[in-house]
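# Remarks on the overall topology
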Amino acid sequence: MPHPVVFSDDDFGLAELRRVALGFPEAFEKVSWGRPVFCAPKMFAMYGGSRKSDAGMIVYPYSLLIKVDESDRRSLEQDARFFFPAYMGPFGWLGLDLTATEVDWNEVRELVDASFRLVAAKRLIRELDAR
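Attention in this report is confined to the structure presented alongside it. (Residues numbered from 1 in each chain as written. Predicted model: local features only at pLDDT ≥ 70, side-chain atom pairs only at ≥ 80, totals over all residues. Heavy atoms only, no water.)

### Here we look at unusual backbone geometry
Cis peptide bonds are those with omega within 30 degrees of zero, and the linkage from Ala 40 to Pro 41 qualifies with -20°. Take Pro 41: it is sitting in the loop between strand E2 (35-39) and strand E3 (43-53). Phi is positive for Glu 26, which is not a glycine, with a value near 60°. Relative accessible area serves as the criterion here: at 45%, Glu 26 is assigned to the partly exposed category. A positive phi angle is found at Trp 33, which is not glycine, with a value near 55°. Secondary-structure assignment places Trp 33 in the loop between strand E1 (28-32) and E2. On the basis of relative accessibility, which here comes to 48%, the residue Trp 33 falls in the partly exposed class. (Helix = DSSP H or I, 4+ residues; strand = E, 2+ residues; numbered from the N terminus. Buried < 20%, exposed > 50% of the residue type's maximum accessible area, 1.4 Å probe, protein only.)

### Considerations on the packing of helix H3 (residues 105-119) against helix H4 (residues 122-130)
Taken N-terminus to C-terminus, the directions of H3 and H4 make an angle of 145°; their axes are 10 Å apart at the nearest point. Here Arg 109, Asp 113, Phe 116 and Arg 117 of H3 come into contact with H4, specifically with Leu 124, Ile 125, Leu 128 and Asp 129. A breakdown of the residues in the contact of H3 with H4 according to their chemical character gives 4 nonpolar, no polar and 4 charged. (Axes fitted to C-alpha atoms, helices over the stretch in contact; angles between N-to-C directions. Contact = heavy atoms within 4.5 Å. Nonpolar A, V, L, I, M, F, W, Y, C, P; charged D, E, K, R; others polar.)

Coordinates in, geometry out; function isn't part of it.
Okay, structure coming up:
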């Protein structure tokens with residue numbers, strides 16, 4: 001049984017995130033786990049997430065999940081806007097709550113760029129660098 005779709009195309013920040021994520025070489029969007037996922041062909045960003053707490057799941061419907069380099073993880077975890085996403089956190093991912101403060105879309109682009117570089121094929125990274 002597929003996951004229910006848990007987003008709308010007019011959700012906060014989704015249009016902007018699409019512009020950022022789909023600008024990467026061979027990037028495409030698909031729906032997985034009921035959420036927009038951006039791949040090339042491996043997943044490098046996801047819109048929306050949740051985290052586990054003692055009280056149950058806390059949903060962040062307007063968030064960005066990205067893979068982070070271990071060297072950046074500690075500093076990002078110190079920032080209250082970031083959270084350890086359920087299911088994906090143990091695999092090197094963090095979530096950014098887009099509603100925690102005004103969104104800096106340049107920062108989002110840098111985070112998505114770093115995530116892309118962690119999962120993309122070397123030829124796609126070369127193509128990105130050649131732009």
